[in-house]
Each structure stands twice: as structure tokens, then as C-alpha cells.
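Notes for the structure review
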Amino acid sequence: MFKIKLHGGQTREVEESLYWHTTSHIMAQAVKRLFPNAKLAIGPSIENGFYYDFDVEKPFSEEDLKAIEEEMKKIIKEDLELERFELPREEAIKLMNDKEEPYKVELINDLPEEEVISFYKQGNFTDLCRGPHLPTTGAVKAVKLLTSSGAYWRGDEHNKMLQRIYGISFPKASQLDEYLNMLEEAKKRDHRKLGKELDLFFFDETAPGMAYWMPKGFKMMNILIDLWRKEHEKRGYLEFSGPQLNSSELWKTSGHWDHYKEDMFVLTDSDGKEQALKPMNCPNAIKIFASKLRSYKDLPLRFNDIDVIHRNEKSGQLNGLFRVRMFRQDDAHNFITEDQIGSEIKDIIEIAKYLYGIFGLDFELTLSTRPDDYMGDIELWNKAEANLRDVLDELCGEGQYRINEGDGAFYGPKIDIKMKDCLGREWQMGTVQVDFQLPLRFNLSYIDSNGEKKTPILIHRALFGSFERFIGIITEHFAGAFPVWLAPVQVKVLPISDNQKAYADKVVEELNRVGLRVELDDRQEKIGYKIREAQLQKVPYMLILGEKESESNAVGVRARKEGDIGAMKIEKFISKIEEEVKSFK
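Structure report, in brief. Because the structure is a prediction, the values reported are computed rather than measured.

**Quick notes on the overall build of the protein**
- Within the protein one finds 18 helices and 32 strands.
- Burial analysis of the protein (585 residues in total) assigns 51% to the buried set.
- When contacts within the protein are restricted to residue pairs at least 6 apart in sequence, long-range pairs at least 24 apart make up 69% of them.
- For the protein, the exposed surface amounts to about 28000 Å²; the carbon and sulfur share of it is 47%.
- One way to put it: in the protein the 84 positive side-chain charges average out to a point 4 Å from where the 101 negative ones average out.

Right, dumping it as C-alpha cells:
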């Protein structure tokens, strides 16, 4: 929430989205003043700020953005009142036609017949908008335009390419400065940049949205997977693997064909039948459950898997490891009885607390409710939502959690895990979804204590979200300086000269023997150069080996954070690093 000052000195709290949406209108007015022939598309608030799409003759330059920003400041200073008015459909279309705004006409034509058509006017500028808005343009204080880029009208690559300007605004200049500093820090931490520099992963135009994992990056991936496996085995989860390619019949039964087909990779087999690369694992987990007769004594039955899945994300939405087309979801599908819902979800949240705690990450839980394209009986939906509300009331306190109306999966409501990193950025991480629908669609059953058939409840859950996305997030969170237990290379051995080569080999052998991840840099380079290289690679520990160290069976220890911490026996160094790994995990 932002606090704004109104005329008369009163203060009022407003949602950030309302504040940013108003600023997008101020930007649109500024663009129309400077570029009268520009056509207006849409200008919503987003998670951090706002954007507006324009149809203009040529892309906006840096100089254009500066001019638009200056014009916005003039409009803010003019303190124009935002006035709402409504028009019948025909008059609304005429108004936008008279103003030569074809995109607005298209939007009006697509509105339902019963929809109220409203506009907002500020000075001589009028825009189609549902609202609400700030009372005046003067309520906006500090504004900054960030970038411009191309964007297809309505996100469809078959439509015209428009120009999108992104911006941010705040009630105080100090808040804007703080945000811009955070953006600069975020640039330094960009996981795509660090992924290349640290030799972890890269992307290539031959496989858009699909990462190439280098040995160091894949080592880190496997360390995370091993941790995940170990913790789930402790809790009675059973890991399985299923097909990558399934017949369209499976996806039609699950409902994904009707609700998700455009995001699936679909192909035709040699018999002319449609197949799809799996975009999620739930139907395969269901097939595992249905492969034999199940009893109430088997439940909860928890199947987890990390099979690779594929989603046909639009190219404009791809974003490093955050939005990819191929990834490994840390998935599980738990089959339970209805009276086990509360306890099962609490157990899942406990795993999340443990795993996030290892990384020093805090999270909060949000409830996402029934979407417009929901599948199944509304009574079952209401029941599932009530179950989740009860659990959240107990875990967070009654009503002490956010609700995302209409953001549930098409087959059930969900609890979303939102995490904040060290820069204060919020990330959508894992999810816990209660599903009454798919067990019914697949005719799943178990035998209850009376010998009768009952339908199980299915809980879909992922905690990291995906290993790829989680690695992207923690790469930025740690700025590539991973904790010792996770670092792909924990120790770099640096002999000062060839005279220490034999001793360096002995040290490497000893570190390998106790399971530490070690690299030897025996290049004929100055030791200062080797140290700088290791620092740039963000290796936690460097062992400097000179004549004195080789004679005394010791190592000169240099830490990534503390610098030179002195010489010690190799056994003492091993104990130190093992204790550090143990205490972190």
C-alpha cells in the first residue's frame, strides 16, 4: 500500500496497482502530446510498475523516453482531475472512432453486451478504462521510465508489433531511488549473466527456452535433487518415472486437452494419432495409482517424480531459467482420504519450511480460488476451497493471508508459496493444489474399511516449483556466491610453482577422498592471477601451496569472504569445511 496526500493535507492509503495504473494514463497522455499520431492500445499496472502499448511509426529511442518522462512531470504538476464517465456502446465506439483509436474500438466490441463501458478523462486526454484511479495526476510524485520493447497486440505473434514502454512511480523520491538501486543490483545478479560467467548453463538459439547445463551447473542441479530425494524418502514418498509422450486420449480425459492444448507440444505418430509431450506429471502419477487395487491402509500414498516436462511457452514470454520450455518440476502427487486433507497439507508445508530454511529464505502462503474456466462440480470446488481456508486459518491465523481470486488451476484451488529474495523481490515458488476432479475423471478408487469403493482426493504439489527456476532464483539471491555445501567447486588448489605440483596432487587426492569438490589450477601463472580467477568464479575456499606449506604438510587458506585466514594442517581444514557444510544444512 502507498500513502498519498490529498488536497487539504489529508492522507489516504491506496493499492500500488491503482497508483501505477494512474501513472500509465499519465504516460499515455504524455505520449499523445508528443506523438499525436500514436494509437493507444492497453496500459495496465503490473507486479512492479506499469506499461503502456502504443502503435507508432518507429520504436521509441532513449531520447524519446526522456522527453516523455519530462512531459509526464508537467502533467503531474498540472494536477489534473481524473473524471470517470460512462457511455452506451454505440456512443463509446463513436467517441473512439472520432479520436482515431482503432485498438480501443476493438476492445469495446469484444466486451460482453451487459458490460458497463467507462472512460477516464484528465484534461484533454480521455481513455477507455474500468478504473479505479487516483483523484488527480498530482497524487503521483516520483516517476521513472525504464525501458521500451516490442510487443504483439494481445500477445499474438500474428498481430501487429506495438511499442511497449515500462515505468515505475512512487509517492516519495527516496522510494524511487531505493527501487532504482535495487534494479542496478539486480542487473549485477542476473542469473543469465552469472550462468555464463560461472560456467553453469547457457541458452542457444537452436533450442529456445531450453537450457544447456554445463558440468558445474549440472553438478549443482544434482546436489539439489539429492537433497530433495533424501528429504522425501524420509517422509514416505515413492519416486517413479513415466512416459514423456502420451496419447491425446490421456490429456482429453484429464481435461488438459481442452484447457491447456495451446501450451503443449503436439505431434502425430506413424499411425496418424495425436500425441503430446507432457506439460505436467499428474496424469502419469494417476496411471501409477490406478495400476493396482488400493486400500485405505495404503493412504496417504505419495508419488514423487522429477521427469523432464515441456511447455510451449510463447517466445516473448521466455526469460532465462525463470520461464522455459523444458524443465524438471520437483513434483509429487499425494492420494489421500478426505479426512487426511488438513494433516497432509500441514506436512507438505513443513517440508517447504525445512527446504527454504536451508537457503535462509522466508515465504508466505496465498490462496488461489476458482478460475473462470474451472472444470467439474461447483460444490466440490466450494468444498476444496473451504478445506484450504481451514488449513491456512490454522497455519497463518484467520484471514492473515492473501487471496488471489480466480487464480486457481482449472481442476482445483491451490495454496501458492511466495518467497522474497535478498533484494525484496517476490517470487512465485511452489504450489499445493487440492483436486477432487481428476480422480473422478479417471475413475480412481480405493477400498475403504467397510470393503466399499471410495474416490481418493489428489493433492498436486511442487515446492521449489522447478529445479531450473529455483537455481535461477538462488543464483540471483546469492549473486553466484553459493554456500559451501551447494557450490559446484568448493575448493580450488593453487600451487605457487611447479615445485609444489606433487604436493598439490596429494592435497587434491586427500580432498577428493573425503568427498569435497575440488579443482587444481596448476597453470604456470602468477599466484595473484590464479587467486583473482578463483575469486571471479566465486569459489568458497582457495588453498595456496608454497614451499613452506609443502614442507610442513599444511595449506594456506584463503576464503571467498574473509580473504587470507592463515595456514593450517590439511586435516584441520577438512574438519572446518565439513563443519561448515553440516551447520548450514
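That covers the picture; the talk isn't over yet.
**Describing the packing of aromatic side chains**
- Under the counting rule described, the total for this entry stands at 29 aromatic pairs.
- Between F85 and F119, the ring centres sit 5.4 Å apart and the planes meet at 15°, which makes this aromatic pair stacked. In this pair, F85 sits in strand β6 (residues 83-86) while F119 sits in strand β7 (residues 118-122), placing the two residues 34 residues apart along the sequence.
- Here F240 and F303 contribute two aromatic rings whose centre-to-centre distance is 6.2 Å and whose plane-to-plane angle is 80°, an arrangement assigned as edge-to-face. Highlighted residues: F240 in the loop between β13 (238-239) and β14 (245-247) and F303 in strand β17 (residues 301-305), separated in sequence by 63 residues. Comparing F240 with F303, the two get one shared label, buried.
- A cation over a ring is seen here: R164 above Y51, with NZ or CZ 3.8 Å from the ring centre.
- Above the ring of F289, the side-chain terminus of R294 is found at 5.5 Å from the ring centroid.

**Focus on the environment of N334**
- Looking at the secondary structure, you find N334 in strand β20 (residues 331-336).
- Placed 95 residues apart in sequence, N334 and M429 show a C-alpha to C-alpha distance of 19 Å.
- Apart from residues lying up to four places away in sequence, N334 is in contact with Y237, L301, R302, F303, E344, I348, I457, L458, I459 and R461.
- A polar contact is formed between the side chain of N334 and the side chain of E344, at a distance of 2.9 Å.

**A closer look at the pattern of salt bridges**
- A complete count under the given rule lists 44 salt bridges for this structure.
- Across the salt bridge formed by E519 and K216, the nearest N and O atoms sit 3.8 Å from each other. Here K216 lies in helix α7 (residues 215-234) and E519 lies in strand β29 (residues 518-520), a separation of 303 residues in the sequence.
- The exposure class of E519 is partly exposed, given its relative accessible area of 26%.
- The buried category is assigned to K216, whose relative accessible area is 17%.

**Description of the packing of α7 against helix α14 (residues 467-477)**
- Contact geometry of α7 with α14 gives a least axis separation of 11 Å together with a crossing angle of 115°. The angle between α7 and α14 places the two elements in the roughly perpendicular class. Considering the relative orientation of α7 and α14, their crossing is right-handed. Only F467, E468, F470, I471 and I474 of α14 make contact with α7, whose side of the interface consists of M220, M221, L224, I225 and W228.
- Among the residues forming the contact of α7 with α14, the class breakdown is 9 nonpolar, no polar and 1 charged.

**Brief notes about the sheet that holds strand β23 (residues 414-420)**
- Judged by pairing direction, the sheet is mixed, and its 8 strands sit side by side in the order β13-β17-β20-β27-β24-β23-β21-β22 without closing on themselves. Sheet topology places β13 and β22 (402-404) at the edges, where each strand pairs with a single neighbour.
- On the sheet, α7 packs against β13, β17, β20 and β27 (457-462) and is oriented at approximately 170° with respect to β17.
- Of the strands in this sheet, β17, β20, β21 (362-368), β23, β24 (426-435) and β27 touch helix α11 (residues 341-358), which is tilted by about 160° from β24.

**Let's talk about the side chain of D435**
- Mapping D435 onto the fold places it in strand β24.
- Put simply, D435 is tucked away with no salt bridge, and the nearest opposite charge, on R441, sits 8.5 Å away.
- At 2.7 Å, the side chain of D435 and the backbone nitrogen of Q437 are in polar contact.
- One polar contact links the side chain of D435 to the main-chain amide nitrogen of L438, over a distance of 3.1 Å.

**Examining α11**
- With 18 residues, α11 should reach 26 Å at 1.5 Å per residue; the first-to-last C-alpha distance of 26 Å fits that figure.
- For α11, the set of buried residues is I341, E344, I345, I348, I349, I351, A352, L355, Y356 and I358.
- A positive phi of about 70° marks G360, the residue just after α11.

**Describing the nonpolar core**
- Membership of the largest hydrophobic core comes to 60 residues, with the highest contact counts inside it found for L224, I345, F359, F470, I474, F482 and L486.
- If one sorts the elements of this core by residue count, α11 sits on top with 9 residues.
- Non-local contacts of I474, meaning those with residues more than four positions away in its chain, are made with L224, F359, L361, A479, F482 and L486.
- With 38 residues, the next largest nonpolar core counts F125, L145, A186 and L423 among its residues.

**A word on the sheet that holds strand β31 (residues 554-559)**
- If you trace the 5 strands from one edge of the open sheet to the other, you get β29-β28-β30-β31-β32, paired in mixed fashion. The open sheet terminates on both sides in strands that have one partner only, identified here as β29 and β32 (563-569). Here the strands of the sheet are splayed against their neighbours by 25° on average, with no regard to which way each runs.
- Along the sheet, helix α16 (residues 527-536) contacts β28 (491-495), β30 (541-545) and β31; its crossing angle with β28, the most-contacted strand, is approximately 170°.

**Remarks on the side chain of E344**
- Along the chain, E344 turns up in helix α11.
- What E344 contacts, discounting residues up to four positions off in sequence, is Y237, P300, R302, N334, I336 and I459.

**So, empty space enclosed by the protein**
- Per the counting criterion, the structure on display carries 1 cavity of 30 Å³ or more.
- The calculated volume of the largest cavity comes to roughly 130 Å³.
- As for the largest cavity, its lining consists of 15 residues, and the residues nearest its centre are P488, V489, Q537, K538 and V539.
- The class makeup of the residues in the lining of the largest cavity is 8 nonpolar, 2 polar and 5 charged.

**Topic: the pairing of strand β16 (residues 274-277)**
- In terms of strand pairing, β14 meets β16 through 3 bridges, oriented antiparallel. Looking across to β16, one finds that S247 is bridged to Q275.
- In terms of strand pairing, strand β15 (residues 266-268) meets β16 through 3 bridges, oriented antiparallel. Following the sheet pairing, V266 is matched in β16 by A276.
- Between β15 and the antiparallel strand that follows it, β16, lie 5 residues; G272 among them carries a positive phi value of about 80°.

Rules of the game
- Residues numbered from 1 in each chain as written.
- Predicted model: local features only at pLDDT ≥ 70, side-chain atom pairs only at ≥ 80, totals over all residues.
- Heavy atoms only, no water.
- Helix = DSSP H or I, 4+ residues; strand = E, 2+ residues; numbered from the N terminus.
- Buried < 20%, exposed > 50% of the residue type's maximum accessible area, 1.4 Å probe, protein only.
- Contact = heavy atoms within 4.5 Å.
- Areas by Shrake-Rupley, 256 points an atom, 1.4 Å probe, with all protein chains shown as cover.
- Lys, Arg positive; Asp, Glu negative; His and termini not counted.
- Charge placed at Lys NZ, Arg CZ, Asp CG, Glu CD.
- Phe/Tyr/Trp six-rings, centres within 6.5 Å; stacked < 30°, edge-to-face > 60°.
- Lys NZ or Arg CZ within 6 Å of the ring centre and 35° of its normal.
- Polar contact = N/O pair within 3.5 Å; in protein donor to acceptor, adjacent residues only side chain to side chain.
- Salt bridge = Lys/Arg side-chain N within 4 Å of Asp/Glu carboxyl O.
- Axes fitted to C-alpha atoms, helices over the stretch in contact; angles between N-to-C directions.
- Parallel < 35°, antiparallel > 145°, perpendicular 65-115°, else oblique.
- Left-handed = near helix turned anticlockwise from the far one by under 90°.
- Nonpolar A, V, L, I, M, F, W, Y, C, P; charged D, E, K, R; others polar.
- Pairing = 2+ DSSP bridges.
- Expected span 1.5 Å × (residues − 1).
- Core = buried A, V, L, I, M, F, W, Y, C linked by side-chain atoms within 4.5 Å.
- 1 Å grid on protein atoms, 1.4 Å probe; cavity = no way out; pocket = protein on both sides within 12 Å on 5 of 7 lines; lining within 4 Å.
- Points joined across faces, edges and corners; volume = space filled by probe spheres on them.

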